[in-house]
Each structure stands twice: as structure tokens, then as C-alpha cells.
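What follows is the residue order along each chain.
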Amino acid sequence: MAKLKDYEIEEKESLSALGKALSSEVRLEILQLLYGQSMIIGEIAKKMNLPASSTAFHLKLLEDAGLIRMETQPGTRGTTKLCTRSADHVTINLVKRNVDIDELFSAEMPVGAYCSCRVTPTCGLRSISGTIGHEDREYCFYFPERMEAGLLWSSSGYVEYKFANGVPGNRQPKKLSFSAEICSEAPGYREDWKSDITLWINGTECGTWTCPGDFGARRGRLNPPDLLDGSSQYGLQTTWEVTHDGCYINGRKLSEHTIRDLRLMEHSYVTVRIGNKPDAQYIGGFNLFGKHFGDYSQDLILTIAY
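This report concerns the structure included in the present document. Sequence order as written defines residue numbering, which begins from 1 separately in each chain. Only residues with pLDDT of at least 70 get local features here, since the model is predicted, and only at 80 or more are side-chain atom pairs given and counted; chain-wide, interface and lining totals rely on the full set of residues. Think of the side-chain values as coming from all heavy atoms in the structure, minus any hydrogens and water.

**Brief notes about the overall build of the chain**
What counts is decided by this rule: Where helices and strands are cited, they refer to DSSP runs of H or I of at least four residues and of E of at least two residues respectively, numbered from the N terminus. We compute the radius of gyration from the C-alpha atoms alone; for a globule the expected value is 2.2 Å times N to the 0.38, where N is the number of residues. For every residue, the accessible area obtained with a 1.4 Å probe (protein chains only) is divided by the maximum for its type, and the residue is called buried under 20%, exposed over 50%, and partly exposed between those limits. In what follows, residue pairs with any heavy atoms lying within 4.5 Å of each other are defined as contacts. The Shrake-Rupley method, run with a 1.4 Å probe sphere, supplies the accessible areas, and residue values consider only the shown protein chains as cover.
From N to C terminus, the chain includes four helices and 18 strands. Expected size for 306 residues packed as a compact globule is a radius of gyration near 19 Å; at 20 Å, the chain falls within 12% of this value. The buried share of the chain, reckoned over its 306 residues, is 47%. Contacts in the chain between residues at least 24 apart in sequence constitute 71% of all its contacts with a sequence separation of at least 6. Surface accessibility of the chain: about 15700 Å² in total, with carbon and sulfur atoms responsible for 51%.

Right, here's the structure in full:
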């Protein structure tokens, strides 16, 4: 658990690393290059017409800033580094928030670990080993194998999870955030298929985000090779935040409900429901992407600051 002083130091160091990474036109060009696909260092050096040593230097700064991820892979001579972008946008707070946060509790939940659901075709579950059960059959959502799912989709309805609440009984929550990679769900895919996706925490509605589409025109960067083209491939990293002054989605305030309205300390768990409201303007379904699917190496993440 990080104390406030350590947290502030880490925040300043992260901001400094980000500024350094973005201060070079070469590094900005590298980020653009990595938008469409992952590349090894040698490929990037060749595309950029740079020496391998200079390329590695630029990539290290981008990695330190959290803008790319580098993974060691076998090469023709020894090993090489595969470079993948890890962020589409960054948010910078230039004014310090006096929120007096000194500790965090965070939990990551596989997309298949829901405790209840209501789904409609097109719907299904997929693990890295293949489809779980049959597509468009609700009963398959109750198979034990659902726990292995890294991709979940439904044309409407919801899925609900129960996260452990690790906040000590003598402390008061000050901020809650929920992060997931999400897109709409259309048959096959449609880049312009809107969906109003709502989050509820402990039964309290925390805001609706309108996803612009079901994205399948390119492959998701983490998808297993046997996930066929012509279907949903990746989502957008979306974050809900609930603070003392309201609910926010990707930094935009959309609701007046506060952290107190969530009644977090009444239970040892936090109920998280995500899906379409029956009366939504765009009931366009949802895809939830886990660690081995889509663009981001994460499952569903709940964090409580106290």
C-alpha cells in the first residue's frame, strides 16, 4: 500500500517521464508507427531509418512513460523485443487535487467471473482455447468453463460481478474507479454501431457511456491467432470514477451521485453491473475484453482509494 507522500513522488516522476517521452518528434512518429501493429526493434529502426541503438533509446523512454510495452521474444540470433503501444490518450492534471488519499485497494476480475447475467443473441463466451459452449445460447453462460473466458459479448442485457471490498472497517472510501476494455456488439461487426453502456455500483447508476461502434476493421493486438477476422476485435479502454463530488466517465462528469451514495462499507463485497438499460436510446450490446484479447492486457479492474 502506497502512502500519500510516496504516491505524490511517483506521480511527479510519471509526469516527468511522460513529458520527456513526448518532447521528441521521432518518438511521436514511433507511436504513430505502432498504432497499426506491434513491431520488433529492428523493424522500427528500418522503418524510421535510424540506428538500432538510437531506436532502443527512444523506445526505452516511451516504455518508461507507459506509452508502449516491450516484451522479450526469441529472435533469429538470440532474443529481440516486441514493441506494442499501450495507451491511446493521456490525461494530465496540472492542478494538484487535495483528496487526501493515502492507500489503495485494487482487484482484477476475469470477464467470465460474473455472478449473474442477462444476455441475448448475438451472445457468447470465448477463451484462448476457443468458444465456450455454443454461440447465441444463454445457458452456455452458466457453464463452469465461463471462468476461463477472455471475451464476452451480448446484444443487450447485463453482466454483474462481486468484487472483494478490501477497505479496512475503520476507513472511509474517497474514490472508486472501474476500468474495462469495451465496445458495442453487432452481428459480425459495425464500426458505427452505437451502444449506451451503463455502470451500476451497489445498485446505484454511475453514468452511461455511448460507445461509438463495434470495432473489427483491424485485428486486436492481443487476440489469439484462431480468432477469425470479420468479428469484434478490440474495444476502448473506459474508466468510470466516483468521487466526493460526482461520477465521471473518462474524466467527464455525468452524474451527481457521490462516493457516499454507493454505501461501500455496508458489505464485504462491491457489486458491479455493466450493460444496457432497457430504455436506452442505443441498445447496442457490449463486448468485454480480458487480458488475452483486444488491445489492452487487463481484465476488469476495480480500485478504491481511502
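**Description of the sheet that holds strand β1 (residues 39–40)**
How we decide: Being paired, for any two strands, means DSSP has found at least two bridges between them. Every angle, taken between N-to-C directions, lies between 0 and 180 degrees, and every axis is a line fitted to C-alpha atoms, over only the stretch in contact when it is a helix.
The sheet built from three strands is open, its strands ordered β1-β3-β2 with antiparallel pairing. Taken across any chain shown, the strands that pair with only one partner, and hence form the sheet edges, are β1 and β2 (68–74). The sheet contacts of helix α4 (residues 52–64) involve β2 and β3 (79–85), and relative to β2 the element is tilted by about 125°.

**Some words on the environment of Gly-66**
As for its placement among the helices and strands, Gly-66 is situated in the loop between α4 and β2. Separated by 160 residues in the primary sequence, Gly-66 and Asp-226 have C-alpha atoms spaced 29 Å apart. Excluding residues that lie within four positions of it along the chain, Gly-66 makes contacts with Ser-86 and Ala-87.

**Points about the side chain of Glu-160**
What counts is decided by this rule: Polar contacts, as used here, are pairs of N or O atoms within 3.5 Å; protein pairs need one atom able to donate a hydrogen and one able to accept it. Residues neighboring in sequence count only if both atoms are side-chain atoms.
Within the secondary structure layout, Glu-160 lies in strand β9 (residues 157–164). Among the polar contacts made by the side chain of Glu-160, one reaches the side chain of Arg-273 at a distance of 2.8 Å. When residues no more than four places from it in sequence are discounted, the contact partners of Glu-160 are Tyr-114, Cys-115, Ser-116, Thr-271, Val-272 and Arg-273.

**Side note on the nonpolar core**
Generally speaking, a soluble globular protein has its nonpolar side chains buried in company with each other. The criterion, for reference: Put simply, a nonpolar core is a bunch of buried Ala, Val, Leu, Ile, Met, Phe, Trp, Tyr and Cys residues held in one set by side-chain atoms that sit within 4.5 Å of each other.
Core analysis: the largest hydrophobic core is formed by 52 residues, its most contacted members being Leu-152, Tyr-161 and Phe-178. For this core, the element with the highest residue contribution is strand β10 (residues 175–183), accounting for five residues. Aside from chain neighbours lying at most four places away, what touches Tyr-161 is Met-109, Pro-110, Val-111, Ala-113, Tyr-114, Cys-115, Leu-152, Val-270, Thr-271, Val-272, Leu-288 and Leu-300. Counting 17 residues, the second-largest nonpolar core is a separate cluster that includes Ala-17, Leu-31, Ile-41 and Leu-67.

**Focus on the pairing of strand β12 (residues 204–211)**
Relative to β12, strand β11 (residues 195–201) runs antiparallel, the two sharing six bridges. Looking at β12, one finds that Asp-196 is bridged to Thr-210. A loop of two residues connects β11 with β12, the two strands running antiparallel in sequence, and Asn-202 in this loop sits at a positive phi of about 50°.

**Some points on the packing of helix α3 (residues 41–48) against α4**
To be explicit about the condition: Oblique is the label for any angle not under 35 degrees, not over 145, and not in the 65 to 115 range, which are roughly parallel, roughly antiparallel and roughly perpendicular in turn. Under the scheme applied here, ten amino acids are nonpolar (Ala, Val, Leu, Ile, Met, Phe, Trp, Tyr, Cys and Pro), four are charged (Asp, Glu, Lys and Arg), and all others, including Gly, are polar.
Axis separation between α3 and α4 bottoms out at 9 Å; the angle between their running directions is 110°. Classified by the angle between their axes, α3 and α4 sit roughly perpendicular to one another. Between α3 and α4, the residues in contact are Ile-41, Ile-44 and Ala-45 and Ala-52, Thr-55 and Leu-59, respectively. Along the lines of polarity and charge, the residues of the contact of α3 with α4 split into five nonpolar, one polar and no charged.

**Here we look at the environment of Leu-34**
Relative to the helices and strands, Leu-34 is located in helix α2 (residues 25–36). Sequence separation between Leu-34 and Arg-77 is 43 residues, and the spatial gap between their C-alpha atoms is 23 Å. Ignoring anything within four residues of it in the chain, the contact list for Leu-34 reads Met-39, Ile-44, Ile-68, Cys-83, Arg-85 and Arg-221.

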